[in-house]
Amino acid sequence: MTDRPTSTLFTGGRLLDPRTGLDATADVLIRDGRIAAIETGSGRIDAGDAERIDVDGLLVCPGLIDPHVHLREPGQGAKETIETGTRAAVSGGFTTVCCMPNTAPTLDTPDMVDWVAMKTKETASCRVLVAAAATLGRKGEALAPMHAMHAAGAAAFTDDGDGIADADLMRKVMQICASLGTVFMQHCQEPTLTRGAQMHEGAMSVKLGLVGWPRVAEELMLERDLRLDRSIGARYHAQHLSSGGSVEILKAAREDGVPATGEVSPHHLLLTDAACEGFNTNAKMNPPLREESDRRALLQGVADGVITVLATDHAPHTTAEKSRPFEEAPLGVIGVETALPLYAEALVDSGAVDWPRLIAMMTIEPARLLDLEHDGIGSLTIGGPGDITVIDPKFEWTIDADTFESKARNCPFNGRKVRGRAMLTMVAGSSRCNRLSEIDAPIGV
Ligand SMILES: [Zn+2]
């Protein structure tokens, strides 16, 4: 993030600012890396020698934020790096991502938090936040130095990849998070119920002869955590919800005033365990794809405002790893380059939410989760950072994993025809990805 920002005037676009609710045709001026002016109507800003970009017919939004990505550094650079993962994120319209600590070594010391910050400065295309491990080595046995990592800049805590099974340790982690005011993000998976599990426990796992991962393993940990949190009041965030029952549990806790939020990923909104047919390793993930009733309950959870955050759980693996037999292939799918049109399909096309709400769940909601709102991240605020994503909601294209910026190709949506794309992504006033010229000649139309 070292190139010099220039002045840019976006004219004629439909501005969506989820913080103020602004949804109007307006111009926006970016100068010296920050938002310098916003005026509704057109032609009212004296932009001097700024570059003018006509975005008539397009959405102008705060840069998108993904609170759940795996950038695989340090230690797993064959899968992804901070450089390639953030290039992929920018291509998908994201200007801020939060990386998970299940790297090698684990992000469980202040030095590791510093290391990611250093690597981000040297190689990243967008902002990178760190969700640090709450327990040493993510083993769920002993506390990691949470206060020191918070002081080093960790934005959140999680043992993602695993849930914290020990209830006493979980309570301590929540108490520390409450004292720091930092969010704890749980990967809800009761491990004694998922030993050797390969996919959702149901008719398809029986058909394929694979060990099942039952819904109750997610629901049990979520329910336990929310029960613990009733007397603690820590900010608690349930990652990648997959079960319809989890939506009910989260809903009840939120109604009772527990400060809990939940996220969902594109694959759980669009796919079911039927995608595992034929031992398709690109449909192998954790938590697993479930059944149509779960998929519908998750959509309803978003429509009802129970689930308020969208995340990709971008989980890159090498093609060689994903080419192994299903039982041996690693868990996860990539997501940052395809999330926007997939969410549009799942949520806007279905009528669950409209575009302004979709954008809010990808900007201001994750910004609040990660304490970024006061910096102006996640909104269009004068003086705030010039992080802008310009979206063509009508742009039709075909997902082609071979064109991805990510190192990985493990995408279950490869070949799918989709609509909606980030046409320009600007980070701190610098354009990082610009495909506006493709609008006149859309790919795949
Ligand atoms: Zn996880």
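About the cut-offs
- Residues numbered from 1 in each chain as written.
- Predicted model: local features only at pLDDT ≥ 70, side-chain atom pairs only at ≥ 80, totals over all residues.
- Heavy atoms only, no water.
- Core = buried A, V, L, I, M, F, W, Y, C linked by side-chain atoms within 4.5 Å.
- Buried < 20%, exposed > 50% of the residue type's maximum accessible area, 1.4 Å probe, protein only.
- Helix = DSSP H or I, 4+ residues; strand = E, 2+ residues; numbered from the N terminus.
- Domains from an automatic or database assignment.
- Contact = heavy atoms within 4.5 Å.
- Buried area = accessible area lost by both parts, 1.4 Å probe.
- Salt bridge = Lys/Arg side-chain N within 4 Å of Asp/Glu carboxyl O.
- Nonpolar A, V, L, I, M, F, W, Y, C, P; charged D, E, K, R; others polar.
- 1 Å grid on protein atoms, 1.4 Å probe; cavity = no way out; pocket = protein on both sides within 12 Å on 5 of 7 lines; lining within 4 Å.
- Points joined across faces, edges and corners; volume = space filled by probe spheres on them.
- Pairing = 2+ DSSP bridges.

K.L.:
Report on the nonpolar core, specifying residues and quantitative values.
P.N.:
Formed by 120 residues in total, the largest nonpolar core has its most connected members in Phe10, Phe157, Leu347 and Leu358. Tallying contributions element by element places helix α11 (residues 339-348) first for this core, with eight residues. Here this core spans two domains, since at least three of its residues come from each of domain 1 (8-60 + 383-440) and domain 2 (63-375). Ignoring anything within four residues of it in the chain, the contact list for phenylalanine 157 reads Ala132, Ala133, Ala134, Met146, Met149, His150, Cys177, Leu180, Thr182, Val183, Phe184 and Met185. Judged by nonpolar contacts, the second largest core, of 14 residues, contains Leu129, Ala131, Val183 and Ala367.

K.L.:
Got a sec to walk through the domain arrangement of the protein? Specific residues and values, please.
P.N.:
Per the domain assignment, the segments making up the protein are domain 1 (8-60 + 383-440) and domain 2 (63-375). Once you take the C-alpha centre of each, domain 1 and domain 2 turn out to be 26 Å apart. In this complex, domain 1 contributes 38 residues to the contact, which on the side of domain 2 involves 51 residues. Carbon and sulfur atoms make up 62% of the surface buried where domain 1 meets domain 2, a total of about 3400 Å² over both sides. On the domain 1 side of the interface with domain 2, the three residues burying the most area are Glu405, Lys407 and Asn410, jointly 20% of the side's total. In this assembly, domain 1 and domain 2 are joined by four salt bridges. Ranked by residues supplied to the side of domain 1 that touches domain 2, first place goes to strand β17 (residues 417-427) with eight residues. A class-by-class count of the residues in the side of domain 1 that touches domain 2 yields 20 nonpolar, six polar and twelve charged.

K.L.:
Describe empty space enclosed by the protein, naming the residues involved and giving the relevant values.
P.N.:
As enumerated under the stated definition, the model contains two cavities of 30 Å³ or more in all. By volume, the largest cavity is sized at about 50 Å³. Surrounding the largest cavity, Ser91, Gly92, Val336, Glu337, Thr338, Ala339, Leu340, Pro341, Trp397, Arg421, Ala422 and Arg435 form its lining. Elements represented by at least two residues in the lining of the largest cavity include exactly α11 and β17. Take the lining of the largest cavity: its biggest share by element is three residues, from α11. Taken together, the residues of the lining of the largest cavity break down into six nonpolar, three polar and three charged. Residue contributions to the lining of the largest cavity reach at least three from each of two domains, namely domain 1 (8-60 + 383-440) and domain 2 (63-375). Here the second largest cavity defines a volume of roughly 30 Å³. Pro266, His267, Thr312, Val333, Ile334, Gly335, Thr338, Leu342 and Phe413 together form the lining of the second largest cavity. Of the residues in the lining of the second largest cavity, the class split is five nonpolar, four polar and no charged.

K.L.:
Can you break down the sheet that holds strand β10 (residues 183-186) residue by residue, with the values?
P.N.:
Pairing is parallel in the open sheet, where eight strands are placed in the order β6-β7-β8-β9-β10-β13-β14-β15. The open sheet has two edge strands with one neighbour each: β6 (64-69) and β15 (309-310). Pairing of β6 with strand β7 (residues 94-99), which is carried by four bridges, proceeds in the parallel orientation. Looking at the pairing, aspartate 66 lines up with valine 97 of β7.

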